[in-house]
Amino acid sequence: MDSARADMEAGRLSNAAASLERALRIEPRNPRLWQELARVRLKQGQYPQAESLALRSNSWAGTDQSLREENGRIIAEARASGSPR
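Quick notes on the rules
- Residues numbered from 1 in each chain as written.
- Predicted model: local features only at pLDDT ≥ 70, side-chain atom pairs only at ≥ 80, totals over all residues.
- Heavy atoms only, no water.
- Helix = DSSP H or I, 4+ residues; strand = E, 2+ residues; numbered from the N terminus.
- Rg over C-alpha atoms; globule rule 2.2 N^0.38 Å.
- Buried < 20%, exposed > 50% of the residue type's maximum accessible area, 1.4 Å probe, protein only.
- Lys, Arg positive; Asp, Glu negative; His and termini not counted.
- Charge placed at Lys NZ, Arg CZ, Asp CG, Glu CD.
- Polar contact = N/O pair within 3.5 Å; in protein donor to acceptor, adjacent residues only side chain to side chain.
- Contact = heavy atoms within 4.5 Å.
- Core = buried A, V, L, I, M, F, W, Y, C linked by side-chain atoms within 4.5 Å.
- Phe/Tyr/Trp six-rings, centres within 6.5 Å; stacked < 30°, edge-to-face > 60°.
- Lys NZ or Arg CZ within 6 Å of the ring centre and 35° of its normal.
- Axes fitted to C-alpha atoms, helices over the stretch in contact; angles between N-to-C directions.
- Parallel < 35°, antiparallel > 145°, perpendicular 65-115°, else oblique.
- Left-handed = near helix turned anticlockwise from the far one by under 90°.
- Nonpolar A, V, L, I, M, F, W, Y, C, P; charged D, E, K, R; others polar.

A.B. asks: Talk me through the overall build of the chain; I want residue IDs and the actual numbers.
C.D. replies: When you go through the chain residue by residue, the secondary structure sums to five helices and zero strands. Reading the chain from its N end, one meets helices and strands in the order α-α-α-α-α. Computed over its C-alpha atoms, the radius of gyration of the chain comes to 12 Å, within 12% of the 12 Å expected for a compact globule of 85 residues. By principal-axis analysis of the C-alpha atoms, the chain measures approximately 35 × 30 × 20 Å. Taking all 85 residues of the chain together, 40% fall into the buried category. Here the chain contributes 14 positively and 11 negatively charged side chains, and the mean placements of these two sets differ by 4 Å.

A.B. asks: Break down the side chain of Glu36 for me, with residues and values.
C.D. replies: In this structure, Glu36 sits in helix 3 (residues 31–43). In terms of polar contacts, Glu36 uses its side chain to reach the side chain of Arg39, at 2.4 Å. Other than its neighbours up to four places away in sequence, Glu36 contacts Met1, Arg5, Met8 and Leu20.

A.B. asks: Quick rundown of the nonpolar core? Include the residues and the values.
C.D. replies: Core analysis: the largest hydrophobic core is formed by 20 residues, its most contacted members being Leu20, Leu37 and Val40. If you list the elements that add at least two residues to this core, you get helix 1 (2–9), helix 2 (13–26), helix 3, helix 4 (47–60) and helix 5 (65–82). Residues in contact with Leu37, not counting those within four places in the same chain, are Ala17, Leu20, Glu21, Leu24 and Leu53.

A.B. asks: Lay out the environment of Leu20 with the relevant residues and their values.
C.D. replies: Structurally, Leu20 is set in helix 2. Leu20 gets classed as buried once you look at its relative accessible area, which sits at 1%. Sequence spacing of Leu20 and Ala38 is 18 residues, and the spatial spacing of their C-alpha atoms is 10.0 Å. Leaving out residues up to four positions away in the same chain, Leu20 has contacts with Ala4, Leu33, Glu36, Leu37 and Val40.

A.B. asks: Just give me the short version of the packing of aromatic side chains, but keep the residues and values in it.
C.D. replies: Per the stated rule, a full pass over the model turns up zero aromatic pairs. The residue whose ring lies beneath Arg56 is Trp34, and the NZ or CZ to ring-centre distance is 4.6 Å.

A.B. asks: Lay out the packing of helix 3 against helix 4 in plain terms, naming residues and giving numbers.
C.D. replies: Between helix 3 and helix 4, the least distance of the axes is 8 Å, while the angle of their chain directions is 165°. The orientation of helix 3 with respect to helix 4, classified from their angle, is roughly antiparallel. Considering how the two elements wind past one another, helix 3 and helix 4 form a crossing that is left-handed. On helix 4, the residues that touch Pro31, Trp34, Gln35, Leu37, Ala38, Arg41 and Leu42 of helix 3 are Tyr47, Gln49, Ala50, Leu53, Ala54, Arg56, Ser57 and Trp60. Residues belonging to the contact of helix 3 with helix 4 are distributed by class as follows: 10 nonpolar, three polar and two charged.

Okay, structure coming up:
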């Protein structure tokens, strides 16, 4: 996840997504990985996918309220950005 965050901060969004997808093949139930991938997709303008990934993160989040709240922000931003103006 650290490498993906560094790539994301440097604007290498494709590299960040690839790192997160590899990590998810190893840890498919990790809600933080799903959330990070949702953030990358949001930055890439892939709003429906960002929303879907944040919802997937919520499905594994359990009682982690801060994780759920951040997913809610990602979902809201994806919906607002993806809606026709």
